[in-house]
Amino acid sequence: MGNHKKALSIINEDIGDVDMAIEFCKEHNDQELWDDLIEFSINKPTFVKGLLNNIGTHVDPIILVRKIREGMQIPGLRDSLVKILQDYNLQMSLRTGCQKILISDCFGLLDKQIKIQRKGIPVSSSHICQVCHTNIIVSDLRTASNVVVFFCRHAFHEDCLPVHSTDSCTICSTQKKGPGRTYSMIK
């Protein structure tokens, strides 16, 4: 960081090129460099004008405007301030547009997810309970029990699941907790 500050100091003091200093700060994207450039420029009207024209998207221009001393003559100040306001309006317009697109995408994805989750999950006689490893669907009604099928398509006899564990699939929950766990998924 010290070398960047020294380089900026050389650009400002020895070369005296505000555009080069601004490009240097943009290239390194460091708030401290911007602060140093503003502090160096605040008493130099041509530097202030260059900053006003070019820092709008990198540094809040209000920081610079508040530091300008009263009565300072800055050539083209009006045009620079108009440019800042136009840039601000453009940024707000872009944000509004992006926000509308994001909201639309969110609702579209939510609608898609709801449609997917509303689909039925078929259960056939070949499905096996993931706990007791017997067929989910039995032909003898005396041994039949309720069946729980999760969205992940894992199926269980309700009696085989631990008490109150119908909120989430025990296999998928266990798999997320520990690596190397295997399970068979119903297709």
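Residues numbered from 1 in each chain as written. Predicted model: local features only at pLDDT ≥ 70, side-chain atom pairs only at ≥ 80, totals over all residues. Heavy atoms only, no water.

J.: Describe the overall build of the protein chain, and please don't skip the residues or the numbers.
T.: Scanning the protein chain for helices and strands turns up 7 helices and 2 strands. Starting at the N terminus and ending at the C terminus, the protein chain contains elements arranged as α-α-α-α-α-α-β-β-α. Over its C-alpha atoms the protein chain spans a radius of gyration of 33 Å, topping by over 25% the 16 Å that the globule rule assigns to 187 residues. Judged by the C-alpha coordinates and their principal axes, the protein chain covers about 95 × 35 × 25 Å. Residues counted as buried form 26% of the 187 residues belonging to the protein chain. When contacts within the protein chain are restricted to residue pairs at least 6 apart in sequence, those whose partners lie at least 24 apart make up 49%. (Helix = DSSP H or I, 4+ residues; strand = E, 2+ residues; numbered from the N terminus. Rg over C-alpha atoms; globule rule 2.2 N^0.38 Å. Buried < 20%, exposed > 50% of the residue type's maximum accessible area, 1.4 Å probe, protein only. Contact = heavy atoms within 4.5 Å.)

J.: An account of unusual backbone geometry is requested, with residue identities and associated values reported.
T.: Despite not being glycine, Asn29 has its phi angle at roughly 45°, a positive value. As for its position among the elements, Asn29 is in the loop between helix 2 (18–28) and helix 3 (31–41). By relative accessible area, which is 60% here, Asn29 ends up exposed. Positive phi is not limited to glycine here, since His133 has a value of about 60°. Along the chain, the position of His133 falls in the loop between helix 6 (77–118) and strand 1 (147–149).

J.: Report on the packing of aromatic side chains, specifying residues and quantitative values.
T.: Summed over the entire model, instances satisfying the criterion amount to 2 aromatic pairs. For the pair Phe40 and Phe47, a centre-to-centre distance of 5.5 Å together with 65° between the ring planes defines the contact as edge-to-face. Like Phe47, Phe40 is buried. Seen from their ring centres, Phe150 and Phe156 are 5.8 Å apart, and the 75° between their planes marks the pair as edge-to-face. (Phe/Tyr/Trp six-rings, centres within 6.5 Å; stacked < 30°, edge-to-face > 60°.)

J.: Give a description of helix 2 that names residues and reports values.
T.: Of the residues making up helix 2, those classed as buried are Val18, Ala21, Ile22, Phe24 and Cys25. Considered in projection along helix 2, the buried side chains sweep an arc of 160° and stay on one side of the axis. For helix 2, the N-terminal cap is Asp17; the gap from its side-chain oxygen to the backbone nitrogen of Asp19 is 3.1 Å. Phi turns positive one or two residues past the end of helix 2, at Asn29, with a value near 45°. (Arc of directions from axis to C-beta. Polar contact = N/O pair within 3.5 Å; in protein donor to acceptor, adjacent residues only side chain to side chain.)

J.: Can you lay out the nonpolar core for me, pointing to particular residues and giving the numbers?
T.: In terms of nonpolar packing, the biggest core is built from 24 residues, with Leu8, Trp34, Leu37, Leu51, Leu64 and Ile68 touching the most fellow members. Elements that contribute at least two residues to this core include exactly helix 1 (2–15), helix 2, helix 3 and helix 4 (45–54). Discounting residues that sit within four places of it in the chain, Leu51 has contacts with Val18, Ile22, Trp34, Leu37, Ile38, Ser41 and Leu64. Core analysis: the second largest hydrophobic core is formed by 11 residues, Cys129, Ile136, Val148 and Phe150 among them. (Core = buried A, V, L, I, M, F, W, Y, C linked by side-chain atoms within 4.5 Å.)

J.: Account for the side chain of Asn12, naming residues and giving values.
T.: Following the sequence through the fold, Asn12 ends up in helix 1. Residues contacting Asn12, with those up to four places away along its chain left out, are Ala21, Leu37, Phe40 and Phe47.

J.: Please provide a residue-by-residue account of helix 3, values included.
T.: Among the residues of helix 3, Leu33, Trp34, Leu37, Ile38, Phe40 and Ser41 are the ones counted as buried. Burial along helix 3 is one-sided: seen end-on, the buried residues are contained in an arc of 165°. Sitting at the head of helix 3, Asp30 places a side-chain oxygen 3.1 Å from the backbone nitrogen of Glu32.

J.: Any chance you could break down the state of the cysteines for me, citing the residues and the numbers?
T.: What the rule picks out here adds up to 0 disulfides. Of all cysteine sulfurs in the structure, the one in Cys132 sits closest to Cys129, which takes part in no disulfide; the separation is 3.7 Å. With relative accessibility at 0%, the residue Cys129 sits in the buried group. (Disulfide = S-S within 2.5 Å.)

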